[in-house]
Amino acid sequence: GNSVTQMEGPVTLSEEAFLTINCTYTATGYPSLFWYVQYPGEGLQLLLKATKADDKGSNKGFEATYRKETTSFHLEKGSVQVSDSAVYFCALTLNTGGFKTIFGAGTRLFVKA
Amino acid sequence: GAVVSQHPSWVICKSGTSVKIECRSLDFQATTMFWYRQFPKQSLMLMATSNEGSKATYEQGVEKDKFLINHASLTLSTLTVTSAHPEDSSFYICSARDQNSGTDTQYFGPGTRLTVL
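The structure displayed is predicted, hence computed values, not measured ones.

What counts, and where the lines are drawn
Residues numbered from 1 in each chain as written. Chains lettered and ligands numbered in written order. Predicted model: local features only at pLDDT ≥ 70, side-chain atom pairs only at ≥ 80, totals over all residues. Heavy atoms only, no water. Helix = DSSP H or I, 4+ residues; strand = E, 2+ residues; numbered from the N terminus. Rg over C-alpha atoms; globule rule 2.2 N^0.38 Å. Buried < 20%, exposed > 50% of the residue type's maximum accessible area, 1.4 Å probe, protein only. Contact = heavy atoms within 4.5 Å. Salt bridge = Lys/Arg side-chain N within 4 Å of Asp/Glu carboxyl O. Pairing = 2+ DSSP bridges. Axes fitted to C-alpha atoms, helices over the stretch in contact; angles between N-to-C directions. Patch = residues over 30% accessible without salt bridge, like charges linked within 9 Å, V, L, I, M, F, W, Y side chains within 5 Å. Areas by Shrake-Rupley, 256 points an atom, 1.4 Å probe, with all protein chains shown as cover. Phe/Tyr/Trp six-rings, centres within 6.5 Å; stacked < 30°, edge-to-face > 60°. Core = buried A, V, L, I, M, F, W, Y, C linked by side-chain atoms within 4.5 Å.

J.: What is the right way to read the overall build of chain B from this model?
T.: Per the secondary structure count, chain B includes zero helices and eleven strands. The helix and strand sequence of chain B, counted from the amino end, reads β-β-β-β-β-β-β-β-β-β-β. Here the C-alpha atoms of chain B give a radius of gyration of 14 Å, agreeing with the 13 Å that 2.2 N^0.38 yields for 117 residues. If you line up chain B on its principal axes, its C-alpha atoms span 45 × 25 × 20 Å. When each of the 117 residues of chain B is scored for burial, the buried share is 49%. A fraction of 55% describes how many contacts in chain B between residues 6 or more apart in sequence connect residues 24 or more apart.

J.: Can you walk me through the pattern of salt bridges in this structure?
T.: Pairing between side chains of opposite charge can happen when the charged atoms of each approach one another. Residue and element names in this part refer to chain A. Applying the stated criterion across every chain yields a total of seven salt bridges over all chains. Note that Lys-52 is salt-bridged to Asp-55, the shortest N-O span being 3.3 Å. The exposure class of Asp-55 is partly exposed, given its relative accessible area of 21%. The partner of Lys-56 in a salt bridge is Glu-63, and the shortest N-O contact between them spans 3.6 Å. Classification of Lys-56 by relative accessible area gives exposed; the value is 51%. On the basis of relative accessible area, Glu-63 is assigned to the partly exposed category, the value being 30%.

J.: It is not clear to me how the sheet that holds strand E1 (residues 4-7) of chain B should be interpreted in this structure. Could you clarify?
T.: Strands belonging to one sheet form pairs held by backbone hydrogen bonds; the direction of such a pair is parallel or antiparallel. Residue and element names in this part refer to chain B. Here we have four strands laid out as an open sheet, ordered E1-E3-E8-E7, and antiparallel in their pairing. Edge positions in the sheet fall to E1 and strand E7 (67-73), since each has one partner strand and no second. Across this sheet, the average inter-strand angle for adjacent strands is 15 degrees, counted without regard to direction. Relative to strand E8 (residues 76-81), strand E3 (residues 19-25) is paired through six bridges, and the arrangement is antiparallel. Counterpart to Glu-22 in the pairing with E8 is Thr-78.

J.: Help me understand a nonpolar patch on the surface in this model?
T.: All names here are of chain B. Taken together, the side chains of Trp-10, Ile-12 and Leu-117 define a hydrophobic patch exposed on the protein surface, amounting to about 390 Å² of accessible area. Relative to the elements of secondary structure, Leu-117 occurs in the segment after strand E11 (112-116). Look at Leu-117 and you get exposed, because its relative accessible area is 62%.

J.: Please clarify how the packing of aromatic side chains should be interpreted in this entry.
T.: In this description, an aromatic ring pair is defined by two values, namely the gap between the centres and the angle between the planes. Residues and elements named next belong to chain B. Following the criterion strictly, the structure yields twelve aromatic pairs over all chains and no others. The interplanar angle of 55 degrees and the centroid separation of 5.7 Å between the aromatic rings of Phe-28 and Tyr-107 together place this pair among those described as tilted. Residue Phe-28 is found in the loop between E3 and strand E4 (32-38), and its partner Tyr-107 is found in strand E10 (residues 105-108); the two are separated by 79 residues along the sequence. Given a relative accessible area of 8%, Phe-28 falls into the buried group.

J.: I would appreciate a short explanation of the pairing of strand E7 (residues 56-59) of chain A in the present structure.
T.: Residues and elements named next belong to chain A. Sheet analysis places E7 next to strand E8 (residues 62-65), joined by four bridges and oriented antiparallel. The partner of Lys-56 across the bridge, within E8, is Thr-65. In textbook terms, the turn of a hairpin is the stretch between consecutive antiparallel strands, and for E7 and E8 this stretch comprises two residues, one of which, Lys-60, has a positive phi near 55 degrees.

J.: Explanation requested: the nonpolar core in the structure shown.
T.: Side chains of a nonpolar character, in soluble globular proteins, are inclined to be buried together. Of all hydrophobic cores here, the largest spans 26 residues; its most connected members are Leu19(A), Trp35(A), Leu48(A), Phe73(A), Leu75(A) and Tyr88(A). Where this core is concerned, the elements lending two or more residues are strand E2 (11-14), strand E3 (19-21), strand E4 (23-26), strand E5 (32-38), strand E6 (44-50), E8, strand E10 (86-95) and strand E12 (107-112) of chain A. With five residues, the single largest contributor to this core is E10(A). In terms of nonpolar packing, the next biggest core, distinct from the first, is built from 23 residues, Cys13(B), Phe28(B), Ala48(B) and Phe67(B) among them.

Here you go:
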């Protein structure tokens, strides 16, 4: 079946540290891949996306590359800020036989000043 | 970017009553909207897919008679939790699919927190 697996949190980092949140997927077909961010008490905001293999999505210093050979879409940021503290969800969307989005479990990030 | 709104943002109700949550796409028409449920510190679980002018498609295990979905226009879908019970307390998030102008993007609402006493 289709699924998304991302590293468990919480992840705690100091400000300006390097961030990696791992995400791997299984899918039948050719999914689009996404990272969403959720701040406390709020809905989801699209952070970045990639629609085909080798595409790199980037936004606000975050980036992730669609790796078909390793079925991965790891999120990275070179220098995190306190304001990056949130929950990050990796997700895939399939559009064959119906449009459907499957989310990973989410990874909570705490950034300390 | 496109905006999806939800109303209300939070609601408290008594057990046995019904609650309606609205999801609106503010600057695009959405033939398809989605309803998700999120428990504390957990991921989003798709409840149903709402198609304008037709019946919603519910995911396995979701009671369609309890969670009534109506998508009467291209900019509005509603979720009604009927005869609510404390176990229905959750964060409900909708999303709308924008397939206009050569794009195909899903935009999420800010969520509605339901507490059933």
